[in-house]
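# Inside the fold
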Amino acid sequence: MQYPHISAHSEDIVRCIKCGLCKSVCPPYLETFVESEGARGRVALVEALQDGRLTLSHILSDRIFTCLNCKACVEACPSGCNVDDLVLSLRAELASRGKIGLIKRLVLNDIVPSRTKLDLAVKAGSVFQRFPGLFSMLGLDGEGGFPKLQGRSFIDSHRPGRRVRNPVMRVGFFVGCGTNFLHTEAGEAIVWVLERHGCEVIVPREQVCCGTPVFNSGEFGTGRKLAERNLEVFEKAKVDAVITGCGSCGLTLKKEWHEVLGVDAREFSNKVYDFSEFLVKELKLQKPRRSFLLAVTYHDPCHLARGQGIKDEPREILKNIPGVNLVEMRESTRCCGGAGTFAFTWPELSRKIGSRKALSIRDTAASMVTTSCPGCYLQLRRVLRANDIEMSVKHVAELYASAL
């Protein structure tokens, strides 16, 4: 059988020298110690499929979907093997042959791409969440495994703020599903801070999901359609820069539309910035008027730190807030176990991975943990609560906005 998606990355199979260094940083492997649930094992699975020693089975699907796509293996690999690309290529083979569950395919290909359907699904879900007993009846994790949905999205509730005279720049805000439906406060903080720094902020209502959960599940075709739709929307907005407050959205807009999906988005991608990157590198970071006597720690989102190489900028913003003492946690770049939908498709494994992060946070003795991704924000809240650690969690933009 031919596997075109895998064939496109077959050089990565050859690059893997089977040294196993990736196992020392692979979060699922470090919890299960199962070779096929680690990075090296997944490369071996892809190789065996290509050689005809394996077939596309449900067991193979389970193994390949335990990958968080945290990219720690890629960073650790001495021979430059892009394990993340191999994992996505195998998922694409599964998706193209209908080896993904019917409900998941329906959500990814029909509901997520449609703003109207996604809004309705989230509103229905927010009502459904008032009756937590129904979760267990449907076999879902109702005890913190599913994030609390906002009844009204950020895009629906946002109203243009103050008029900025003589703006230094006209910027578009790419909201992202996490900020739009789950952590709307971060979105308001980002827009407000940008306006305080003299930017005219445009929030296009027609924007859709960036496609991360879609193509990370192997649905490349739908991922391309989402990319093309967003490109059209932001081209019409005629903005100088596009800002996002989500590490995964930023990585997708900057690199993956082009490198993974093959969409010609390079001109657009050059205008995309993470919120902290834009504030520190492109604007003059203002000194807040308020001060807090607060010990704060910072968790690096995988797709911001490893995916985009942004680690210093969020810390610079935090250190700029008077009175804030930034306390580094142990292994700040280690994945929190959220990874988008992973937290509720693999809740037990996600909790185990997240518990390591929670203990690292606890050991800083900080009063607050900050991050730069709505998905990490939700996972940190969940695992701190699960480990009986009382600590507030904020997006960097929220803390900075409250001091400005």
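Refer to the structure presented above.
A few points on the structure.

## Observations regarding the overall build of the protein
Scanning the protein for helices and strands turns up 24 helices and 8 strands. Scaling as 2.2 N^0.38, a compact globule of 404 residues should have a C-alpha radius of gyration of about 22 Å, and the protein matches this with 21 Å. In terms of overall dimensions, the protein has C-alpha extents of about 65 × 50 × 50 Å along its principal axes. Out of the 404 residues in the protein, the part that is buried amounts to 57%. Long-range pairs, those at least 24 residues apart, make up 77% of the contacts in the protein with a sequence separation of at least 6. Accessible surface computed for the protein: about 17,900 Å², of which carbon and sulfur atoms make up 52%.

## Some thoughts on the packing of aromatic side chains
In total, this model carries 6 aromatic pairs according to the counting rule given. Ring centres of W257 and F268 lie 5.5 Å apart, and the angle between their planes is 25 degrees; on these two criteria the pair is classed as stacked. Of this pair, W257 sits in helix α16 (residues 247-259) while F268 sits in helix α17 (residues 266-269), and the two are 11 residues apart along the sequence. For W257, a relative accessible area of 0% gives the class buried.

## Structural notes on the environment of E188
Within the fold, E188 resides in helix α13 (residues 184-196). Judged by its relative accessible area of 35%, E188 is partly exposed. With 29 residues separating them in the primary sequence, E188 and R159 have C-alpha atoms 9.7 Å apart. Residues in contact with E188, not counting those within four places in the same chain, are F154 and H158.

## A short note on the pattern of salt bridges
Evaluation of the coordinates by the stated rule reveals 25 salt bridges. A salt bridge links R115 to D156, with the shortest nitrogen-to-oxygen separation between them at 3.7 Å. You can see R115 sitting in helix α9 (residues 115-128) and its partner D156 sitting in helix α11 (residues 154-157), a full 41 residues away along the chain. We classify D156 as buried; its relative accessible area is 14%. A salt bridge links K281 to E313; its shortest N-O distance comes to 3.3 Å. Placement of K281 in helix α18 (residues 275-282) and of E313 in helix α20 (residues 312-319) is noted, with a sequence separation of 32 residues between them.

Each value, and the rule that gives it
- Residues numbered from 1 in each chain as written.
- Predicted model: local features only at pLDDT ≥ 70, side-chain atom pairs only at ≥ 80, totals over all residues.
- Heavy atoms only, no water.
- Helix = DSSP H or I, 4+ residues; strand = E, 2+ residues; numbered from the N terminus.
- Rg over C-alpha atoms; globule rule 2.2 N^0.38 Å.
- Buried < 20%, exposed > 50% of the residue type's maximum accessible area, 1.4 Å probe, protein only.
- Contact = heavy atoms within 4.5 Å.
- Areas by Shrake-Rupley, 256 points an atom, 1.4 Å probe, with all protein chains shown as cover.
- Phe/Tyr/Trp six-rings, centres within 6.5 Å; stacked < 30°, edge-to-face > 60°.
- Salt bridge = Lys/Arg side-chain N within 4 Å of Asp/Glu carboxyl O.

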